[in-house]
Number of protein chains: 2
Amino acid sequence: MDSLPTEIFNPLELDSFVGESHAVLDFLSDYYKDVESYPVQSQVIPGYLKKGCSDYAPDSPEHLEFILDDVRKNIIPGLTHWQSPNFFGYFQANASTAGFLGEMLCTGLNVVGFNWISSPATTELEIVVMDWMGQMLKLPQAFLFSGNGGGVIHGSTCEAILCTLAAARDKALKDIGEDKITKLVVYGSDQTHSALQKAAKLVGISPSNFRPIATSSSADFALSPNDVRMTMEQDLANGLFPLFLCATIGTTATGAVDPLMGLGLVARDYGVWLHVDAAYAGSACICPEFRPYLDGVELCDSISMNPHKWFLTNMDCCCLWLKDTRSLIESLSTNPEFLKNKASESNDVVDFKDWQIALSRRFRSIKLWVVIRRYGVANLRNHVRKDVELAKHFEGLLATDCRFEVVVPRKFALVGFHLKSNPSIYNDDVSKLNRKLLEAVNASGRAFMTHAVVEGTYMLRCAIGTTMTEERHIEGLWKLIQEKADLLALPNDD
Amino acid sequence: MDSLPTEIFNPLELDSFVGESHAVLDFLSDYYKDVESYPVQSQVIPGYLKKGCSDYAPDSPEHLEFILDDVRKNIIPGLTHWQSPNFFGYFQANASTAGFLGEMLCTGLNVVGFNWISSPATTELEIVVMDWMGQMLKLPQAFLFSGNGGGVIHGSTCEAILCTLAAARDKALKDIGEDKITKLVVYGSDQTHSALQKAAKLVGISPSNFRPIATSSSADFALSPNDVRMTMEQDLANGLFPLFLCATIGTTATGAVDPLMGLGLVARDYGVWLHVDAAYAGSACICPEFRPYLDGVELCDSISMNPHKWFLTNMDCCCLWLKDTRSLIESLSTNPEFLKNKASESNDVVDFKDWQIALSRRFRSIKLWVVIRRYGVANLRNHVRKDVELAKHFEGLLATDCRFEVVVPRKFALVGFHLKSNPSIYNDDVSKLNRKLLEAVNASGRAFMTHAVVEGTYMLRCAIGTTMTEERHIEGLWKLIQEKADLLALPNDD
Ligand SMILES: Cc1ncc(COP(=O)(O)O)c(C=O)c1O
Ligand SMILES: Cc1ncc(COP(=O)(O)O)c(C=O)c1O
């Protein structure tokens, strides 16, 4: 062993593990303290970082302070600050102390629970937590382990949809024959997240067999069961096979809710797999007052939601429940010799590798478990309610200024609004005007929102609910919006 | 706003963020200190955790100490300790201080870099780090951003293979027509990781079109280019279309290395996409003495490796490079209105959502960046070399006891060995005997290994290289193995 370097390199030496971690905690604590003062949207230009970086990895170790200094000087300015209380873009990604602690445990223990035997507690805790979450959402027993269904934690909704779609596909192809893969059809609405389209393409559904069925403002952008039925009839008449329908609770553009009951009956009639994407609004459904949006879930085959959005769980975490876990496992399981073990062969245990794409898996359940226990269901409900109240407050402010209008009725904490067209004040058409308004707001650095277009109408999306957003930030946002709207009203000639 | 609870719930209050994080750090520090004393493989029985857990999520918050106490009492005993220096199973999952610090930054900042605009630094740092890693591996320029290729960080090799396979599939189907999906064929060896088979199934390749080509001990379990060629010829003769070939550098069972040069020429002749899975041994290839195993990579289309195995990067992290990034993007991109932005439209930026399955993505590059900078390339090389030296040492110990033999020649830090059959000492056949040996070792709690079967031969896999494994652990393992072998030699009558 003489070839070993004399000075032992010890990457888990305990004093430096604790000491350097303290330094990063102080760094993060400063970050949270200061984040409100940073421009919310990064103002860098493409390629900014490359200039400040070496083209090559360093040969020798660098001090942590030096690295953190670089984060401060070169990384922070390039971040759009999702944890800023003035971040109202996309959907929020809630950080929290409990989420962070849970992630520390996951990362520190660094066990890999691909099957039961590889680290039993990771599987067993996931089973416990998924049943807890399912009960908080009042999912029917059939979705819970305690009711012969079950759930699994994925990294993203895209992955959850991809896996359920593969399960549905393989189940169908077993009946109709593998060569019919080109005839399978997937349904959603024109408001369904692009995750569905992507997943469909990934599992080999022909892009021409993807049906984003039109919705309209008159129905609050909800998918009409009748339209689905008609589309399926047409596909059947053309020799195609309806396979999979995705309903959304809380669409990305407008927070719309598809009617699960009606869609469930259609799905049943046509024998298609019905998945519910509640990525954003699923978190709200732990409150009794929002739970009615999930009525009809008993008619669905699977449902997923992202605790990494509105549930105080740092990235990443997506909960997926299914009734027919067998189909999922049949589609995703592999049984290589090197993983064979008595526990799996006994069929007494769950091997989560057969419920997801990857073999490797992080101990995400401990994160969600810490969040739920550290905060408790009552606080988690109030967390959602607070954001909904803030959204109502913002709506109230909009109502005080007749230049603005809310474009779609708000259900959760997402407000879609815009400046109304008004030729006597503005030269621009309404889309251009609102695009300018959004750019002005975001360029100010004082807040950040994103946009959507529904039925040709451009609108600003104000997604309320970062962990640190308070009433004063809503007031500040409103002042900023009014200020920028005032400036747009000045004569301009482009 | 009167409906807000009077006592404000503040999940990112700074004092408790820092204070509670310190408590978790102390917990983890104690864990690392004690981990050597825990039984490496968990000794719990299926269902153990449920008994100690409430069936319902708590309504009220719980104290952190109480939760950590529960981790200590109920979770730790259910873990198989991947960070124990006596863990020699599967492939190691290296935790390190720098990996942990990087993950803290990722989790704490909690930004979501799905496209450039959503947080520019996340994309730009990934570009920098992927080029660094590519240079450390001496990948041809064509795989680097600086050479018009590029790389992306995925969560797992399974995901990386799935995405490259989808890209290859869509590129092929554009030429031969979508309905030919049922004719596409995917090739690997019988040693290729099950990730390939699973990815092939997921993207809609017929299971009957998956070709795990046989290898043999006479060729050290490497895939023979000639055999691949013959198989492809046969498939062509049967009207099928060879699509994708996966070569492995460091197979899971034995650490075998497929010949990239020879396979590259075959891939070129048949126009198939050649992917290199270097999940485990890719890390070793940063050392000049191991880099020859990658010779021929210039003939390949894509290559992936997992820093979360042997590269001191806590889970999860998989680097994937491609020459033809266009095909990947064409296959995976979606362009929903709510994500449209000037930067993306300018085509001046990278939008990593189009290089992976999920929309959401964690800031994994900062983790890998901290690992590389905090340790430096020289230490990272020595880290690999140390483990290889330990593996050589273990081989040396095996050679001192004529009851044992090494089953496959060692290339990296994985040693495959077994007790030789010897009717004068043992009643059992060689497989049963070695299964008993492995069970006895693992049941002792003093070390943990896993197994493989090659050409019908059962062997024990000793994968050396957890972060804390030192020479004394190898000595201890050897003593344990000998002790258990002695006990097996006693007359037994089952
Ligand atoms: C309704 C909906 N579904 C799916 C997604 C995608 O989620 P993920 O990034 O976890 O795949 C989003 C993200 O915003 C969403 O709003
Ligand atoms: C050679 C090889 N490929 C792929 C994998 C799977 O990696 P992942 O879990 O990142 O998908 C492994 C895991 O051990 C492996 O050894």
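See the structure printed just above.
The paragraphs below set out a description of the structure included in this document. (Residues numbered from 1 in each chain as written. Chains lettered and ligands numbered in written order. Predicted model: local features only at pLDDT ≥ 70, side-chain atom pairs only at ≥ 80, totals over all residues. Heavy atoms only, no water.)

**Quick word on the interface of chain A and chain B**
Stage number 1. Facing 163 residues of chain A, the contacting portion of chain B comprises 161 residues.
Stage number 2. Buried surface at the junction of chain A and chain B, summed over both partners, amounts to about 14200 Å²; 67% is from carbon and sulfur atoms.
Stage number 3. Put simply, chain A and chain B have 12 salt bridges between them.
Stage number 4. Across the salt bridge formed by Arg 374 of chain B and Glu 20 of chain A, the nearest N and O atoms sit 2.8 Å from each other.
Stage number 5. Our enumeration of links across chain A and chain B arrives at 67 residue pairs in polar contact (both at pLDDT 80 or more).
Stage number 6. Per element, the largest residue contribution to the side of chain A that touches chain B is 18 residues, and it comes from helix α13 (residues 364-399) of chain A.
Stage number 7. Classifying every residue of the side of chain A that touches chain B by side-chain character gives 81 nonpolar, 47 polar and 35 charged. (Contact = heavy atoms within 4.5 Å. Buried area = accessible area lost by both parts, 1.4 Å probe. Salt bridge = Lys/Arg side-chain N within 4 Å of Asp/Glu carboxyl O. Polar contact = N/O pair within 3.5 Å; in protein donor to acceptor, adjacent residues only side chain to side chain. Helix = DSSP H or I, 4+ residues; strand = E, 2+ residues; numbered from the N terminus. Nonpolar A, V, L, I, M, F, W, Y, C, P; charged D, E, K, R; others polar.)

**Thoughts on the site of ligand 2**
Stage number 1. Neighbouring residues of ligand 2: 14 residues in total, closest Ser 360 of chain A together with Thr 157, Cys 158, Asp 277 and Asn 306 of chain B.
Stage number 2. Nearby residues place ligand 2 at the junction of chains A and B.
Stage number 3. Backbone polar atom of Thr 157 of chain B to an oxygen atom of ligand 2: 2.9 Å apart, as the coordinates give it.
Stage number 4. Here Thr 252 of chain B contributes a side-chain N or O atom positioned 2.9 Å from an oxygen atom of ligand 2.
Stage number 5. For ligand 2, whose unbound accessible area comes to 400 Å², protein coverage reaches 97%.
Stage number 6. Of all the elements in the fold, those that place two or more residues in the shell around ligand 2 are α6 (157-176) and α10 (307-310) of chain B. (Near = heavy atom within 4 Å. Areas by Shrake-Rupley, 256 points an atom, 1.4 Å probe, with all protein chains shown as cover.)

**A few points about the nonpolar core**
Stage number 1. Judged by nonpolar contacts, the single largest core of 368 residues is most densely connected at Trp 321 and Phe 394 of chain A together with Trp 321 and Phe 394 of chain B.
Stage number 2. Beyond its immediate chain neighbours, meaning those up to four positions away, Phe 394 of chain B contacts Val 415, Phe 417, Cys 462, Ile 464, Ile 474, Leu 477, Trp 478 and Ile 481 of chain B. (Core = buried A, V, L, I, M, F, W, Y, C linked by side-chain atoms within 4.5 Å. Buried < 20%, exposed > 50% of the residue type's maximum accessible area, 1.4 Å probe, protein only.)

**Quick word on the packing of helix α14 (residues 430-444) of chain B against helix α15 (residues 471-489) of chain B**
Residue and element names in this part refer to chain B.
Stage number 1. One can describe the packing of α14 onto α15 by two numbers: an axis separation of 9 Å at closest approach and a directional angle of 125°. Here α15 runs oblique to α14, going by the angle between their axes. The element α14 and its partner α15 pack so that their crossing is right-handed. Taken together, the residues of α15 that come into contact with α14 (itself represented by Leu 433, Lys 436, Leu 437, Ala 440, Val 441 and Ser 444) are Leu 480, Ile 481, Lys 484, Ala 485 and Leu 488.
Stage number 2. A class-by-class count of the residues in the contact of α14 with α15 yields 8 nonpolar, 1 polar and 2 charged. (Axes fitted to C-alpha atoms, helices over the stretch in contact; angles between N-to-C directions. Parallel < 35°, antiparallel > 145°, perpendicular 65-115°, else oblique. Left-handed = near helix turned anticlockwise from the far one by under 90°.)

**Describing the relation of the copies chain A and chain B**
What connects the two chain copies is a rotation about an axis and a shift along it.
Stage number 1. With an RMSD of 0.0 Å, the fit of chain A onto chain B corresponds to turning through 180° and sliding 0.0 Å along the axis. With respect to symmetry, the two chain copies, as superposed, fit the operation of a two-fold axis. Scanning chain A for the C-alpha nearest the rotation axis identifies Val 203 of chain A, at a separation of 2.1 Å.
Stage number 2. Looking at the interface residues of chain A, 99% of them are also at the interface in chain B, so both copies use one shared face. (Least-squares fit on C-alpha atoms with pLDDT ≥ 70 in both.)

**Observations concerning the pattern of salt bridges**
Stage number 1. Across all of its chains, the model carries 68 salt bridges over all chains by this definition.
Stage number 2. Two residues, Asp 69 of chain A and Lys 73 of chain A, come together in a salt bridge whose shortest N-O distance is 2.9 Å. Of this pair, Asp 69 of chain A and Lys 73 of chain A both sit in helix α3 (residues 64-75), 4 residues apart, which is roughly one turn of the helix.
Stage number 3. Among the residues examined, Asp 69 of chain A registers a relative accessible area of 29% and is labelled partly exposed.
Stage number 4. For the salt bridge of Glu 395 of chain A with Arg 410 of chain A, the shortest nitrogen-to-oxygen distance reads 3.0 Å. Taken together, the residues span a long stretch of sequence, with Glu 395 of chain A in helix α13 and Arg 410 of chain A in the loop between β9 (404-408) and β10 (414-419) at a distance of 15 residues.
Stage number 5. Under the relative-accessibility criterion, Arg 410 of chain A is labelled buried at 17%.
Stage number 6. Residues joined in a network through salt bridges with shared partners are Glu 103, Asp 316, Arg 362, Arg 364 and Lys 367 of chain A together with Glu 103, Asp 316, Arg 362, Arg 364 and Lys 367 of chain B.

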